[in-house]
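One letter stands for each residue in the lines below.
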Amino acid sequence: TGHKWGYGEEDGPSAWHKSYPIAQGTRQSPINIVPEEAVYDSRLPAISINYDNCTSLNISNNGHSVVVEFEDMDDRSVIQGGPLENAYRLKQFHFHWGGKDCDGSEHTVSGKTYVSELHLVHWNAVRYRTFGEAAAAPDGLAVLGIFMEKGDGHGDLHTITDALYMVKFKGSVANFKGFNPKCLLPSNLKFWTYPGSLTTPPLHESVTWIVLAEPIRVSDKQMAKFRMLLFSAEEEEQRKRMENNFRPPQPLKGRTVRASFK
Ligand SMILES: CCCCNCc1ccc(S(N)(=O)=O)cc1
Ligand SMILES: [Zn+2]
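S.K.: How should the overall build of the chain be read in this particular structure?
M.R.: On a plain count of helices and strands, the chain comes out with 4 helices and 15 strands. Relative to a compact globule of 262 residues, whose C-alpha radius of gyration would be 18 Å, the chain shows 17 Å and is just as compact. Each principal axis of the C-alpha atoms in the chain carries an extent, and together these give about 55 × 40 × 40 Å. Within the span of the chain, comprising 262 residues, buried residues form 54% of the whole. In the chain, the proportion of contacts linking residues at least 24 apart, taken out of those at least 6 apart, comes to 71%. If you average the places of the 29 positive and of the 31 negative side-chain charges in the chain, the two averages end up 1 Å apart.

Written out as structure tokens, the structure is:
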């Protein structure tokens, strides 16, 4: 089982390299995206997202984030197109956020941070038999990153924020069927894409990142509900609020960020 890691002073992102040396690798995530330096690629097909028959299973607190998991034993919910050569199956989505509204996202855009970032995690079931196997392969995962900015409440995000009280503590799981994350997508699917990694340990360099340029909006009240989650389990003495669970941008190391738009 992996070494204990977190987002605190002692066990946070600057310490991860001690147990996970890949943290100083050549394709680490997140990154700061500089639109003017992204290369427009007119041959990039549009992203095709087909979640119509997705089956959400549960919502859980894993001590690092809140995660909604999906049934992934067939191709009922997949993403394809864009930079992807195969269809990638939806496995889960989760969030990263700040403590106040000054930061919270993992990717940044010309240094701008958003209050939160949603990650929809998909795996290449054409080439790999399990998520775990795919998560360790260079073309194994595709993560769709969606920025969340402060604004009026998001119509469908409340379904998630209204369920967070059920998974306050690390290790809690609750039924969460019938949720389709298609409702969380912004209207415009223009994106940046680059080869990167998981943004948490084990930090595998297995992710083709697809970051949407258009943010979705989240209200103060909805953000407050994310911040009432705890990093700690119910039986732990010290109750630590779950916030600032984001890794800061990592060196680009010569990678090219491509844009699907001018
Ligand atoms: C080998 C087991 C890997 C488990 N790790 C899951 C996981 C998925 C996505 C991300 S993220 N934040 O890059 O989307 C981090 C961690
Ligand atoms: Zn993430």
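S.K.: Explanation requested: the site of ligand 1 in the structure shown.
M.R.: Taken together, Gln92, His94, His96, His119, Val121, Ala135, Val143, Leu198, Thr199, Thr200 and Trp209 make up the full set of residues near ligand 1. In the model, a nitrogen atom of ligand 1 is placed 3.3 Å from a nitrogen or oxygen of the His96 side chain. Separating a nitrogen atom of ligand 1 from a side-chain N or O atom of Thr199 is a distance of 2.8 Å. Protein chains shield 79% of the accessible area of ligand 1, which is 440 Å² for the free molecule. For the shell around ligand 1, the secondary structure elements donating two or more residues are strand E7 (88-97) and strand E9 (116-123). Looking at the shell around ligand 1 residue by residue, the classes come out as 5 nonpolar, 6 polar and no charged.

S.K.: Can you help me understand unusual backbone geometry in this one?
M.R.: In this structure, the amide linkage connecting Ser29 to the following residue, Pro30, adopts the cis form with an omega of 0°. Turning to its location among the elements, Pro30 is positioned in the loop between helix H1 (16-19) and strand E1 (32-33). The omega angle of the peptide bond from Pro201 to Pro202 is 10°, so this bond is cis rather than trans. By the element assignment, Pro202 lies in the loop between strand E12 (191-196) and strand E13 (207-212). Although it is not a glycine, Asn244 sits at a positive phi angle of roughly 55°. The residue Asn244 is located in the loop between helix H4 (220-226) and strand E15 (258-259) in this model. Owing to a relative accessible area of 31%, Asn244 belongs among the partly exposed residues under this scheme. Non-glycine residue Lys253 carries a positive phi angle of around 50°. Structurally, Lys253 can be placed in the loop between H4 and E15.

S.K.: Even after reading the chapter, I still don't get the coordination of the zinc ion (ligand 2), so can you show me in this structure?
M.R.: Geometrically, a metal with four donors at the corners of a regular tetrahedron has ideal angles of 109.5 degrees, and one with six donors at the corners of a regular octahedron has ideal angles of 90 or 180 degrees. Taken together, His94 (NE2), His96 (NE2) and His119 (ND1) make up the protein donors of the zinc ion (ligand 2), found 2.0 Å from the metal. The sequence pattern formed by the donor residues of the zinc ion (ligand 2) is H-x1-H-x22-H. Of this pair, His94 sits in strand E7 while His119 is found in strand E9, placing the two residues 25 residues apart along the sequence. A relative accessible area of 1% means that His119 is categorised as buried.

S.K.: Please explain the layout of surface pockets as it appears in this structure.
M.R.: Taking a probe equal in size to a water molecule and rolling it over the atoms shows the remaining empty space. In this structure, the largest pocket encloses a volume near 560 Å³. Lining the largest pocket are 25 residues, with Asn62, Gln92, His94, Thr200 and Pro201 positioned closest to its centre. Within the residue set of the lining of the largest pocket, elements represented by two or more residues are strand E5 (66-70), E7, E9 and helix H2 (131-135). The biggest single contributor to the lining of the largest pocket is E7, with 4 residues. When grouped by side-chain class, the residues that make up the lining of the largest pocket number 11 nonpolar, 12 polar and 2 charged. In this structure, the second largest pocket encloses a volume near 290 Å³.

S.K.: I tried to follow the nonpolar core on my own but got confused; where do I start?
M.R.: Generally speaking, nonpolar side chains in soluble globular proteins are found buried as a group. Counting 49 residues, the largest nonpolar core has Ile59, Val66, Phe93, Phe95, Leu120, Leu144 and Ile160 as the members making the most contacts within it. It is E7 that provides the largest number of residues to this core, a total of 5 residues. Leu120 has contacts with Tyr51, Leu90, Gln92, Phe93, Ala142, Val143, Leu144, Ile146, Pro181 and Leu185, leaving out every residue within four places of it along the chain.

Thresholds applied
Residues numbered from 1 in each chain as written. Chains lettered and ligands numbered in written order. Predicted model: local features only at pLDDT ≥ 70, side-chain atom pairs only at ≥ 80, totals over all residues. Heavy atoms only, no water. Helix = DSSP H or I, 4+ residues; strand = E, 2+ residues; numbered from the N terminus. Rg over C-alpha atoms; globule rule 2.2 N^0.38 Å. Buried < 20%, exposed > 50% of the residue type's maximum accessible area, 1.4 Å probe, protein only. Contact = heavy atoms within 4.5 Å. Lys, Arg positive; Asp, Glu negative; His and termini not counted. Charge placed at Lys NZ, Arg CZ, Asp CG, Glu CD. Near = heavy atom within 4 Å. Polar contact = N/O pair within 3.5 Å; in protein donor to acceptor, adjacent residues only side chain to side chain. Areas by Shrake-Rupley, 256 points an atom, 1.4 Å probe, with all protein chains shown as cover. Nonpolar A, V, L, I, M, F, W, Y, C, P; charged D, E, K, R; others polar. Donors = N, O, S within 2.8 Å, 3.2 Å for Na, K, Ca; no water. 1 Å grid on protein atoms, 1.4 Å probe; cavity = no way out; pocket = protein on both sides within 12 Å on 5 of 7 lines; lining within 4 Å. Points joined across faces, edges and corners; volume = space filled by probe spheres on them. Core = buried A, V, L, I, M, F, W, Y, C linked by side-chain atoms within 4.5 Å.

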